[in-house]
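Chain and residue survey
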Amino acid sequence: MDARTVRETVIKPKLVELFGASMATSLITSAVLAGLAGASEQEKLALMTGCICSDPRVLGMWGNARAERQKREWLTLL
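I will try to describe carefully the structure that is included in this document. (Residues numbered from 1 in each chain as written. Predicted model: local features only at pLDDT ≥ 70, side-chain atom pairs only at ≥ 80, totals over all residues. Heavy atoms only, no water.)

1. Details of helix α4 (residues 56–75)
In an α-helix, one turn spans 3.6 residues; hence positions three or four apart end up facing the same way. With 20 residues, α4 extends just 20 Å between its outermost C-alpha atoms, more than 12% less than the 28 Å of an ideal straight helix rising 1.5 Å per residue. In α4, a bend of some 105° at Gly63 exceeds every other bend along the element. Within α4, the full set of buried residues consists of Val58, Trp62, Ala67, Gln70 and Trp74. Looking at the buried positions of α4, the neighbouring elements they touch are α1 (3–19), α2 (21–35) and α3 (41–53). The opening residue of α4, the one whose side-chain oxygen lies 2.8 Å from the backbone nitrogen of Arg57, is Asp55. (Helix = DSSP H or I, 4+ residues; strand = E, 2+ residues; numbered from the N terminus. Expected span 1.5 Å × (residues − 1). Bend = angle between axes of the 7 residues up to and from the residue. Buried < 20%, exposed > 50% of the residue type's maximum accessible area, 1.4 Å probe, protein only. Contact = heavy atoms within 4.5 Å. Polar contact = N/O pair within 3.5 Å; in protein donor to acceptor, adjacent residues only side chain to side chain.)

Here is the structure:
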């Protein structure tokens, strides 16, 4: 599985479920832009998940511990 597949099949549906389509789209857009700087699939996924899990809206709803736990879980998918 590559970073794009993880984003589209795992991360995006989770964000839509928890935050709604509008916020999920905003988070995914920011994550895609962050991921462009990655050289490898693992680096792209790390940049994307870091962007999502450090977003103030996500931190406000999840808190630091849950955001970090979710980030680690997503990073294991590659």
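Text resumes after the structure shown.
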